[in-house]
Structures are given as C-alpha cells and as structure tokens.
Protein chains: 6
Amino acid sequence: MTNETISKPFKRILLTGAAGGLGRVLRERIGGWADVVRLSDIGEMDPARAGEEVVKCDLSDKAAVLKLMEGVDAVLHFGGVSTEHAFEDIVQANIIGTYNLYEAAHKCGVKRIVFASSNHAMGFHRQTEVIDADTPVRPDGMYGISKCFGENLSRYYFDRTGLETVCIRIGSSFPEPKTRRMMVTYLSYDDLTELLRCSLFQPRVGHTIVYGVSNNREQWYDNTKAAHLGYRPKDSSAAFDHLFPLSAEYPAKDDASTIYQGGPFVTQGPIYKD
Amino acid sequence: MTNETISKPFKRILLTGAAGGLGRVLRERIGGWADVVRLSDIGEMDPARAGEEVVKCDLSDKAAVLKLMEGVDAVLHFGGVSTEHAFEDIVQANIIGTYNLYEAAHKCGVKRIVFASSNHAMGFHRQTEVIDADTPVRPDGMYGISKCFGENLSRYYFDRTGLETVCIRIGSSFPEPKTRRMMVTYLSYDDLTELLRCSLFQPRVGHTIVYGVSNNREQWYDNTKAAHLGYRPKDSSAAFDHLFPLSAEYPAKDDASTIYQGGPFVTQGPIYKD
Amino acid sequence: MTNETISKPFKRILLTGAAGGLGRVLRERIGGWADVVRLSDIGEMDPARAGEEVVKCDLSDKAAVLKLMEGVDAVLHFGGVSTEHAFEDIVQANIIGTYNLYEAAHKCGVKRIVFASSNHAMGFHRQTEVIDADTPVRPDGMYGISKCFGENLSRYYFDRTGLETVCIRIGSSFPEPKTRRMMVTYLSYDDLTELLRCSLFQPRVGHTIVYGVSNNREQWYDNTKAAHLGYRPKDSSAAFDHLFPLSAEYPAKDDASTIYQGGPFVTQGPIYKD
Amino acid sequence: MTNETISKPFKRILLTGAAGGLGRVLRERIGGWADVVRLSDIGEMDPARAGEEVVKCDLSDKAAVLKLMEGVDAVLHFGGVSTEHAFEDIVQANIIGTYNLYEAAHKCGVKRIVFASSNHAMGFHRQTEVIDADTPVRPDGMYGISKCFGENLSRYYFDRTGLETVCIRIGSSFPEPKTRRMMVTYLSYDDLTELLRCSLFQPRVGHTIVYGVSNNREQWYDNTKAAHLGYRPKDSSAAFDHLFPLSAEYPAKDDASTIYQGGPFVTQGPIYKD
Amino acid sequence: MTNETISKPFKRILLTGAAGGLGRVLRERIGGWADVVRLSDIGEMDPARAGEEVVKCDLSDKAAVLKLMEGVDAVLHFGGVSTEHAFEDIVQANIIGTYNLYEAAHKCGVKRIVFASSNHAMGFHRQTEVIDADTPVRPDGMYGISKCFGENLSRYYFDRTGLETVCIRIGSSFPEPKTRRMMVTYLSYDDLTELLRCSLFQPRVGHTIVYGVSNNREQWYDNTKAAHLGYRPKDSSAAFDHLFPLSAEYPAKDDASTIYQGGPFVTQGPIYKD
Amino acid sequence: MTNETISKPFKRILLTGAAGGLGRVLRERIGGWADVVRLSDIGEMDPARAGEEVVKCDLSDKAAVLKLMEGVDAVLHFGGVSTEHAFEDIVQANIIGTYNLYEAAHKCGVKRIVFASSNHAMGFHRQTEVIDADTPVRPDGMYGISKCFGENLSRYYFDRTGLETVCIRIGSSFPEPKTRRMMVTYLSYDDLTELLRCSLFQPRVGHTIVYGVSNNREQWYDNTKAAHLGYRPKDSSAAFDHLFPLSAEYPAKDDASTIYQGGPFVTQGPIYKD
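Please read all numbers here as calculations on a predicted model, not as lab measurements.

(A) Here's a closer look at the side chain of E:T185. Residues and elements named next belong to chain E. Mapping T185 onto the fold places it in helix α5 (residues 182-185). Overall, T185 belongs to the buried group, its relative accessible area being 0%. Contacts of T185, omitting those with residues within four sequence positions, involve G171, S172, G212, V213, N216, W220 and Y221.

(B) A look at the state of the cysteines. All names here are of chain F. Tallied over the full model, the rule gives 0 disulfides over all chains. Of the cysteine sulfurs around C57, a residue in no disulfide, the closest is that of C108, at 12 Å. A residue is classified by how much of its surface remains accessible, and C57, at 5% relative accessible area, is buried. C167 supplies the cysteine sulfur nearest to C198, a cysteine that is in no disulfide, at a spacing of 16 Å.

(C) Local environment of the relation of the copies chain D and chain A. Expressed as a screw transformation, the operator carrying chain D onto chain A has a rotation angle of 180 degrees and an axial translation of 0.0 Å, and the superposed copies differ by an RMSD of 0.0 Å. The superposition operator between the copies reduces to a two-fold rotation axis. Across chain D, the smallest distance between a C-alpha and the rotation axis is recorded for D:F149, namely 3.1 Å. Both copies contact each other with a shared surface, as 100% of the interface residues of chain D are interface residues in chain A too.

(D) Quick peek at the interface of chain B and chain C. Tallying the contact residues gives 36 residues for chain B and 36 residues for chain C. Carbon and sulfur atoms make up 64% of the surface buried where chain B meets chain C, a total of about 3300 Å² over both sides. Connecting chain B to chain C are 2 salt bridges. B:E88 is paired through a salt bridge with C:K62; the nearest N and O atoms lie 3.1 Å apart. At the junction of chain B with chain C, the criterion picks out 4 residue pairs in polar contact (both at pLDDT 80 or more). At the level of elements, α3 (87-107) and α4 (142-161) of chain B are the ones that each hand at least two residues to the side of chain B that touches chain C. Of the residues forming the side of chain B that touches chain C, the biggest block, 12 residues, is contributed by α4(B).

(E) Seen up close, the packing of helix α4 (residues 142-161) of chain A against helix α4 (residues 142-161) of chain D. It is at 10 Å that the axes of α4(A) and α4(D) come closest, and there the two elements cross at 150 degrees. By the criterion of interaxial angle, the relationship of α4(A) to α4(D) is roughly antiparallel. Every pair of crossing elements has a handedness; the one defined by α4(A) and α4(D) is right-handed. Listed contacts from α4(D) to A:M142, A:I145, A:C148, A:F149, A:N152, A:L153, A:Y156 and A:Y157 of α4(A) are D:M142, D:I145, D:C148, D:F149, D:N152, D:L153, D:Y156 and D:Y157. For the contact of α4(A) with α4(D), the residue count by class is 14 nonpolar, 2 polar and no charged.

(F) The sheet that holds strand β6 (residues 164-170) of chain F, seen in detail. All names here are of chain F. Spatially, 7 strands are ordered β3-β2-β1-β4-β5-β6-β7 in an open sheet, and the strand pairing comes out parallel. The open sheet terminates on both sides in strands that have one partner only, identified here as β3 (52-56) and β7 (207-212). In this sheet, adjacent strand axes meet at a mean angle of 20 degrees when their direction is disregarded. Both strand β1 (residues 10-16) and strand β4 (residues 74-77) contribute to a ladder of 4 bridges, which runs parallel. Looking across to β4, one finds that T16 is bridged to H77. Of the strands in this sheet, β1, β4, β5 (112-118) and β6 touch helix α3 (residues 87-108), which is tilted by about 165 degrees from β5. Its contacts with the sheet place helix α6 (residues 189-201) against β1, β4, β5, β6 and β7, and it is angled at close to 145 degrees to β5.

Criteria and thresholds
- As a convention, each chain's residues are numbered from 1 in the sequence order in which they are written.
- All chains are assigned letters beginning at A, and all ligands numbers beginning at 1, according to the order in which they are written.
- The predicted nature of this model means local features are confined to residues of pLDDT at least 70 and side-chain atom pairs, given and counted, to a pLDDT of 80 or more, with totals for whole chains, interfaces and linings taken over all residues.
- Just so you know, side-chain values use all the structure's heavy atoms and leave hydrogens and water out.
- Helix numbers and strand numbers start at the N terminus; a helix is a DSSP run of H or I with at least 4 residues, a strand a run of E with at least 2.
- The buried label applies to any residue whose accessible area, calculated with a 1.4 Å probe on protein chains only, is under 20% of its type's maximum; exposed applies above 50%, and partly exposed to all values in between.
- Only heavy atoms enter the contact rule, under which two residues are in contact if any of them lie within 4.5 Å.
- The disulfide definition used here is simple: a pair of cysteine sulfur atoms within 2.5 Å.
- Residues below a pLDDT of 70 in either copy are left out; the C-alpha atoms of the rest, at least 70 in both, set the least-squares superposition of the copies.
- Buried area counts how much accessible surface, traced with a 1.4 Å probe, disappears from two parts once they are put together, with both parts' losses summed.
- Take a side-chain nitrogen of Lys or Arg and a carboxyl oxygen of Asp or Glu: if they are within 4 Å of each other, that pair is a salt bridge.
- As used in this structure description, the phrase polar contact means that two N or O atoms lie within 3.5 Å; if the pair is within protein, one of them must be able to donate a hydrogen and the other to accept it, and residues adjacent in sequence are counted only when both atoms belong to side chains.
- Geometry is summarised by axes, namely lines fitted to C-alpha atoms with helices restricted to the contacting stretch, and by angles between N-to-C directions that run from 0 to 180 degrees.
- Convention used here: angles under 35 degrees read as roughly parallel, angles over 145 as roughly antiparallel, angles from 65 to 115 as roughly perpendicular, and any remaining angle as oblique.
- Helix crossings get a hand from a simple test, with the near helix turned counterclockwise from the far one by less than a right angle marking a left-handed crossing and a clockwise turn marking a right-handed one.
- Gly counts as polar in this scheme, as do all residues outside two lists: the nonpolar Ala, Val, Leu, Ile, Met, Phe, Trp, Tyr, Cys and Pro, and the charged Asp, Glu, Lys and Arg.
- Only strands that DSSP links by at least two bridges are regarded as paired with each other.

Quick look at the structure:
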C-alpha cells in the first residue's frame, strides 16, 4: 500500500529519535499517515519539509517533553540510547526520558504509543529457545534493562489510564544482516514499517508485546499472542544466504555470544569496563 | 476440488437449517458428497432437486427429529436460532432441539456430526487476546450459551457412545465483511465448505473444536489443537481492505463492542430488554 | 465459629432446594448469617421458624421466581434435580429454572449467588487425573450437562452485569462415604458450610469455580486457582478408613465406574434406557 | 530457632534501610547470623551496639555505596523508598540506588543479595487471581515499577556474573493487618525472618522470586516455584479474624481498591496529583 | 497402621532386590499385605520365614524371571543396579532385566507393578527448579537413563495391555540424610512404606509417576499430578537439622554437584573413567 | 540448493545405516557436505565412490564402533533396527549400539550427531492430538522404546559433555504415502535432506527434538519449539490426494491402528507373538 493511496488519518504523529538510524528510515515512510509528522531528537536533524515539524528535545527534560507532546495524537517512540552504554547515560535517556514521555502523553490525551523495545530485553535466553510475549524477561545489559523498564511503565499507564502501547521487541533492522546471528533477528525496513502500521491503525491494541523480526527461516520468537495485530512479515533474511555460506565450524562451547540470543551484547555490560 | 471430480461417498447426509443463510449456501455446494442430501428446516425451503430430500421439521419435536434421522449417515447441524434472541426461543430451538438431534443420531447409529457452534461461545474474551480450543468459554449472550450447551452435549455423546463431532466456532460467514470486526472473524463460503469437507472426511475426529475463520491478517484464534483436521483456509479478508480504509479514530475506552470479541452481541442480551 | 458468635450480616438470604438433602442440612446451619433465611423448594418443607420464610416455588415458573427473589441479598442455589434424570426433567428444573433464577436475581439487584454445581460436570475425566478450574469440562450425563449450563450462564451474568457467582463443584456430601469412590469425593457438612461461608463473605469473588471436597487423602482436584476464597477444609474421609479396608481386588479394566471420576453416573445416562 | 542456638555463619551482613519500619524490626532479629551486621540508612539510626556497624549512606551516591560494601558477605536490601512517591524521588532511591548497590556488590565479590521487592510489582492483577513467580508483572505505580526494575537488574547480574538474589515480593509486614486486604497480604515478623533465613542460608538460590506472605487463609500467591527455598510460614492472619467480622457489604463494582491486588496503591500514582 | 491391624489382601507379592538396602527394609514391613511374600535377588538372602518364599534369580535370565513370576499378584520391583555403574552392567540388570520382568508379568496376568525409579532420571535439572511428573527427563548418568527406560517400558505395557504401574522416583531413603543435598531428597522408611501401600491398594493407578520424598522443608518436586494416589508423607528431614547447621559457605559457582538435583551423580558417569 | 553450489564444510561425516532405505537415499544427497562421507552398515553396501569410505560395522561391537568414529566430525545416525522387532534384537542394535556410538563420539571429540528417532516414540498418542517436543513420550513398541532410549542418552551426553544432538522423530519417509495414515506422517526425501542440512549447519542446536514431516495438510505435530532450526518443509502429501479419495467409511471405534498415531505399530509388539 503506497502512501499515495491512503488518506492521512492522523492530525499529528510524533516520532522521537528521528535523527537515529531507524528514525531517518521511518521519516521517509510514514509521511502519508498524518497531516503533520513532528520529528524530535537530541541531535541534529534535517530541516522540516512539507508536512513535518522538527523539534530538538532532550527527553530527560520533563518540561520540554510536555511541550513537545502538545497537539500530538500518537507517538512512535524511537528516542533514547539504542545500544549498550554506561548506566548513567541509560538512566537519563531511557528511564527518565521514557517516564517523561508517558507522563506527557497521558496529560496531553495521547491515545496510543508504539514503543521501540528490543530483543535485548530477552537476550539471556538461549539461541535454542523459542520465546513468546509472556516468557519471563532476561535482559542482557543496561540497555535491555531500560527496555524492560519501558515495557513495565507502559503496562502501568495502560492499566491505570487506558493509554495503549504496542511494545516492539525489535531484532536487527538494517539494510542487510551483518552477522550470522542477524540472520535470525533481521527485520527489513518494509516489515518494520508494516508492523508500525498495524500497531498504529488497529482499533484496539491494549498493551501488546510483539517481536519485530521478518519471516526469517530461523525463528527464536513466537508471535502467536500478538496475532490480533495482523502483522504478517513479507521479507526473509534467506535473501542474504550468500553472505553466510554453510560452514562446519561450530562455536566454542563457552562462547557466550553464540549461546545467548543477545549475541555480543551479553558481554558488553558496563560492569566489566573497570 | 470441484464436486464433479469426487465420488459421492455418503449415502445420505442431513443438513439442518437448510433454509437459513448458510444452509442455502451449503445446499449448492455439498451435493457431490452424498447420494442424497436431506434438507431440513422449520421454515420453507425450495423444492427438492435431484439427489435431495426436503423435510420440514421443528427440532424441538422429539418424535419428528427421530423420524428425520432415519437412514442418515452424517449430519451438518446448522439448524436452530442463529442470532441473539429471548431465552424462551433459544431453549426450544437450540437446547431442546440439539438434544433431540443428538439423541436421535445416537439411536439411528449416525457416526459423525458437524455442529455449527459460534464465536459467540467465546465473545467475552477481549479483542486483544488469542484463544484456542481449551481456553475457558465466555459466552456473550443466550445464543452463545446455547452453543456452549451444544459443545458440552456433543462431548458427552462422544465420551459415552463414541459418536464423533466437530464443533466449528463459526466467525462471520457472509459474502463480504460488514464491519471492521468482521475483518477478523470473516469466513469465506469456500473456506467454510473446505472446513466441512475436512470435518466430514477425516477418518478420525473424536470431539474436535475448531475456529471457523479464513486466513485473515488479524487472528484472535489459534487452531493448532485442531491441526489434525487438515483445514488450511485459502481466503483472507484482506481482499476487502478497501471497505475499511486506515483510520485514526480509536473507539471509546468503554465501547464494549470493540473491547470484546463478540462485538455488538455483548450488549444485545435479552436481560436488558426490559 | 458458631452461629451465636457472629452477627447476622445479610438481611435476607435465599436458599433454594431447601427440602433436599443438603438443603435440610444447610437450613440448620446458616441461620446466623442473615436476619431472614428464605427457604424455597418445589416440595414440602417444614414450617418456618423464627428468622425463616418458607416459599414453595417451581423454579421453572418465571413469574414465581421473580416474586421469590424480592428483597433477597444473596442466593444459595441448591434447587433443581440433583441426580441423573431424563433430559425432559432436567431441562425444566436445571436449565430453565436456573435461567429464571439468574434473570430474577439480576432484575432484583442481587449481588452474589453461590451455585451448587457438581463433580459430574467433570465426570468423564479419569480417576487418575488431577483437574483444576480451567480443565475443559467432561460432563457425565444430562445432570452434569445442566451443571455446565449453570456455570456458563453465571459466567455470562458476571461478564455482562457484574453479578458474582461461586460455582461449587460439589463432590459427595453425606454423613459418611457410601462407596470407595466417595472416599475421594467426600465433603463433610462442616466443610460444605465453611465453603459456603467463604463464598458468601469474601469481599470479591468475581466468577470462581471451586471443587467442594474435604481434605481427603486422595485428591482428584486442584483448588489452587480458588485459593483467594480462603477455603481450608478441616475434615477428611480418612476418618472412615475402617469402612473400606485394604483390598487386593482391582476393578475390571473396562469397568467404567472405576475408570472415570463420575463413577456409576457415567453409565446412567437416559440415552440407554430405551 | 533462637539466635542463641545458632553460630554466626557470616562475617558481615549489610542491612540497608535499617532505619525503616522493617529495618528496625530486622535489626533485632538477625544479630545471630553474622559477626558484624552493618546497618545503613539515609536517615538517623540508633547508635551501634556490640556486633553492629552503623553507616549513614545515600544509596544514590555511587562512591558512598561502593565504600559501604567493603568487607560485606551478603546483603539484605531493604533501603529506598517503600511507598508510592513522585517518580523523581523513586528514580534516585530505588533505581539509581539499586543499581549502585548491585554494581558495588559485584565489584566487592558479594555472593548473595536478598532484595525486598513488593506485591506492588503485581498490584494490577485482580484479587480473584492466583499468581506465581512467572506471571507477567503488573506494577501498580512508580513504586511497583521500581521494584520490577530491581528484579530485572538482579536477574541480569545473576545471568552475567553469578551473583545470586532472592527477590521477596513482600505483602504487608506489620504487627497486625490494618485492612481487610491485609488479611491476604499479611506477613508476620517471624515469618519474614524465617524467609530471610531460608534465602540467606540455602546453598543455592540462583535468582528466585518468592511471595512474602504468611500462611493466611486466603491466598493470591502460589509459591510452588520457590519450594526449593524451604520457606514454610508458621503464622496466619486468621489470628486477627476478630478485627474484620463477617460483613454482608460488598464493595462497589468499580471500586478499584478492592478489584486489584494492589489495593489503594492502584489509585495513588503521581500521575493524578496534578 | 500396623501390620497387625490389616488383613492380608494379596495372595502373593513379589519383591525383587530383596537383598538390597531397601529390599531388606521392606521385607520387615510388607508381610501383612500378602499371604506370601516372594523375595528375589541375585545375591544371598536370609532364609525364608513364615509367609515368605526366597528365590534367587538373575533378572537378566528371561526364563528364570518367567518362572519367578508364576502365581504372583503384584510386584514391587526394587531389583537391579541401584547406583551409577558401567553401562555394560546397567544394560543387563536394569534394561534387559526390567524388560524380562514386564514381559513375564504380562504373560502371568500380573495386574500391577510398583517400579523403583529414581530422582536420577531427572538429575540434570537444577536445584533451583521445581519439577513435576510431566517435566522432560534429564537423566544424570547410565543409572538414570536405565530408570527412564523402565518408565517408558512400563508406560508402553500400560497403554498396550492395561498392566498398571506406579513409578516412584525415589529420593534418598536411608535412616538419616548423609549430605545437605539429602535434606531435600530424604525419604523416611515409614513414608516409603506408606507410598508403596498407596501405590498397591488404590483401585486405579493407571500409569502414575510420583516423587518419593518425605515432607521435607525444601522441595524440588511437585506431586500434584499424583494426588490421586493419596500419598501424604508424615516425616521431614527437618528432624535432622542438627546435622547440617547454618553455614555461610556457598558452593563454588561451577560445582556441578550443588548446581544439579542429581548431586555428585552428575559427575560419576562411566564416560569419564577412561 | 544443489550440491554443486556449496563448499564441502566438513572433513568427514559418518552416516550409519547406509545400506538401509533412507541410508541409500541420503548417500546420494549429502556428498557435497563433506570431503569424505564415511558409510557404515551391518549389511552389504555398494563400493565406495570418490569422496566416500565404506566401513562394515556392527554397532553392538564397542571396539569396532570406536574405530569407526576416528577422524569423524559429525554423525548422521540412521543405523540399527528401523521397525518393530523382538526386544532381543532391538537391545543389541538400538540400545547397546547407540550407547557405543555416543561413547565413541564423545571420546573422539565429535561435536554433533543427528539421531534418527521416530514418530513411534509417541505412537500411543491419539490421531486427534497435536503434540510437541515436550509432550510426554508414549512409545508404541520395542522399537519406539529404543528411540526414547536414544533421545534420553543423547540428552545426557549433551548435559554432561556438550555433545550436541538433533533428534528427528521421523514420520514416514518414502517416495509416496502407502496408507492414509502416511498422508499425515509423510516426509519427502527433499524435506528430509533439508532437515538434515539445518540440523548439521546451524551454529548451535544444543539438544533439539523435532518432528520430521513435510508440510502436509493434516498435522499431528507442532514444531514451534524447534523453530530455531530453520526447517521449513517445501513438500506436502497433498500431492498424493489422488491415492486416497474421499471416503465415507469410518474405521471401527476400537480399531487401534486408526485411533493412535503409531498406526499398525501399536498392535505389532513382540509381546503378542507367543
């Protein structure tokens, strides 16, 4: 469904993290969904084009976030730190920042948020497990812990106020898989866009947790409990089989980066830097 | 598989509710499955054609039902009240009627019944849930309760006598979805026919509960436990996407007809008529 | 806790089936719970004593039931047929009767009903199984099916109107076990009374299903999901061990009455009478 | 088992929150478990007695916490905010503070932490549900969310470093229940002490989640998955039955404080203060 | 219940492994259950006393086992190797021997066998797990694997022929616990005897798996699914608390004998002998 | 993916059972996966071709198996008895033989084994059930029991030594289905080869159990828990619909070969031969 063929159902969607890797990709794809897309980031962004508003904002600034939310109908929350960092950075951007965002959304009457959670909320599950939305969390670092925080916070806002959230545990959304592990976690840009579309436009989503991966041959995730979203991925990492030819080399038994779903994240925690 | 290419494996199939909406559709499609299709309804039916018998029958009349069942091999039980009604009507048609039907089938040595149950047996589950055959029932009205009764009764007859039943919790089987909710519950006539075919011709079905929906993009139902039936729907309500364009309008938080799977049924119970 | 030491918290409790076996037992025990206990049955009852009202009533008479419910705060629904009978009798007393009771209770603003369901709703589970509140039902006859009906109906009234019900799947409540099977299903009168007390006086019960058995040594039932009721049985059928001494006689492999939890009920269905 | 009869197996246990309600209770009870009990709080504490060290410490001060942890074998982490507060307070004491504590414990080679989590991590589950350690979390406010954070953080430290934690979801630990709800959540001081003893002295605990309640008649919690801890509560809130006599008053249907396990917490979130 | 107070319900019970540790204990306790107890072992046994028959038998000798089974009503199968050994020994005694026993029992019309399985069928589950009858097996050596074989074989004989078996996964049945691990796995002789009594005298047991431990404070096992047996242990290893005083010494992180339920068995497999 | 387009990642793969039905098929298909394919069987094999070694070996000969394993990287274990036989034959080939194979593989440092297990490990589940990797086993004869043994043994070697195994519960791998039952259990040679490829070349498989069937319309198996393998069957028995036209003939109620998944195997056990 191209942007041309659909009306612009929302008055204003807020996209946080608009200067980030996925933010820049999404900016090109969601214009058709709203009269205005408000773009926000702590970093520099390209100037606003037609149908856009560009607002630089530090999510850890409560007042600024409240202002940012004015007039917004729905939020795609991709802002904050998106890889493993020192806890001091994570707490500002991802914990205080996400709290500020939800509190502002609640005060401004926003009805729905799509929260960019991460597979790293579950990274200490094994690569030989298949997990679903109710499997207990196993974060693989401070980043993953902050994503669990966001999931719990959004659950609370839903239970308490009815503000709906879809938490997407995003796998690896890049033009192509960079490692063999990403053959399993790969999420094409098209499938990401479709998953956002489902999350935004279903009449009811309540508080839903869904894994954001394409229809890859190998699967660590069972999305049955999110079947009501209607997400049916079209792409598969199998298109990149040539990048990772068959190999007889098995990883060492104690190579944590191939034991756990989180891959190299599981050994990147800040606790070992000193 | 067209009717022309298969033999007529049954001597006589009984279709109850033959004058109803689905009954008239099925009449056109199941002729190839039997030498004789006996058609029954409380209302008027078109005259019998070749390979048909037409028998007007009130299912709440025990003696009449016993007579109706003579010589029958298998039953497609679509008779009775098919929408929400006063309990007094439901009890006659759907409770006493279904008892009469099973008792007669048992006495006449019928081997298998396909029972038209309904998604309304589960209508008080939420639209954000995905349910399966063992999820506890949540009927959304007198009609749904009568369908639970039929499921329980048929379970008993199977456990006690070996008479097999497939209970199909039919979604919304119409030429096209009439509401956005029906985009999820839609069951095409072709897929319904295929599901009946699977239910009738598998060598063993025991007592199976299956959700009767097409391969729609959104799914509230998980049919894994009925995978032995071999039902693989071919159609999808996605063909009707144009009827329900993307919209930014979310339903009110307390709009029960969009909270629960039963949709508007959940507020139609007779208890509120007075 | 004796009746003397508690206040009478309810203004009026209705006990249906007051002339039945358990009804007569309960009449002696629940006086302390209400200013007035209204006693109802289709049969003859002893004259009203202080704090009692005696109202003869056929539950299948809708108008009579509505009248019976006037001024009632809570209901102990023990009325109807309590063993296997012809379906024609069951439908009047247990299906239409229970519908009339719930509809009247809803109209009169009753807040809570304790429904005497039965282990026979589950009687086709095996004696080597341990089942809980969410195990799919396996009724063992028309009586058991009617109890499933009551459970489904009460679930609907709770989901639709908030009218709370505790469904007690009563085992065998007699002065002492009459058969070896009843060593497992035995429910002492004291424990039954305590379970009713829990069911009536907890601030919230929603719609709860609980197995009504004493703390017998053998258990087919797992009441974990009803732990919020606070029912802790004090008695055990072990007190009657002398009635069923150790025996080396195993039942025949195909003796259905010892294979299934329902015991002899499983072969008493009316369908085999003719 | 009195303190006199056991040896002092630990060299030094750290008790945080020693000036709080439970901290003061525990100070009197755990002396026998260690040569030295180091007591810490942000507030004033009574002077150190024999076998005690008193160290005033703000848990949000990373360097101070590292110093506090020197020479410590095991930690009872009762510090931080223990009721619903503004998020700004919670994030300092319970999120940054708990991170500081775990990071310091890891650096100092502490082997085990007992973390005072709370039933408010699960407070949006209904009072008619029975939940266990793997039931998805439903925090009922900022306080509950911070407890979820501590549980997730401790899980990470166990998966990454082997540092063991027992998370105790404490109910209501007071001399006696103050409300009817606390009849279910009551945890006597003796049972709390025994649960801490089990948590500290089992040879292996891994990362265990356990509900901290006494053997109360009503139960919302199923501790089967923590049976390896060996916690067998001795007390019951039934000893306080006289405080809450039988009552026929049911709460209003929409009284959230009796619908949800969190009780009045569910309506105390800071989001409604402005 | 002493032997004196019960009649002798069986004509002849066969006890294999009668010269082993538990065999000698049981010989003293089961005399009252049968007119004749036939005792069998590959090793020397004390001479037959009144009501006993002593038959030396190598279970791997098919013909001898068939002869041994003549006239037997029920079997307590405690024979074979009972600790970790070379596979070559295990296969003779526990695999071929157990096959011979079941085949002979089937041919001789034996109705029930109590099979001494072992916790070592599950020994590679962690000491922080709580497992039940349906948890997938994790044998911790050749001995444990042979016990899985016996469980599977007996399941087959039940499914195919109706020959009933109770598989008791025995913990550690000694006069007192020898190690701290055995505080969890301890099974007193009295409780063992009671569990055998339940297993032999229940009218129906089908094929039941039950963990044989006393009511110890710590529990790795959930016997809910065997509640129909009526086994209620009376003893607890808590009586031996004095043998294992509180200690602050935690095992090393990689000490397999304290990580896994099988304890030292997990490192005793024959594969490491060479 | 043809053999020509892939490199030969292994130095040497051992295929046992190379003279058997599937062994001969696989010999033609796996040449591209290794520099050398070592072929082994107890029976005669065709002479070695380029890239092959042919070694006649009785798996029950421990020393011979150890020699056979020298220089091997990975094993496809298809050797042993592959249909129901007398236990005496099964124990030699499938129990002692499989033990010898694993012990040799462990000693020689083999990293991975693909074990040809069988649907007959589960054959006493009903044809109306859908089972997965954790469903308790229900072997349907001595052959099925020996497959359970291999699964348990391989689980032990993985837990104890890290030697990985994929157990494939093979359905019916023939050129075409021979019976109606095989329409459900059919596994095409192409899909078998693909499943072996997935099992051999995934970087981590741990100990995985997977059902080996094609994408047949009817399914008794749920492979969700093995989704990490990436097996996506391409074929379906629907291509053979013409062999089994629609039929109105239902099997007799007590025809075990159509009640149970094991089909005719369930009545072929050796115990009925004498």
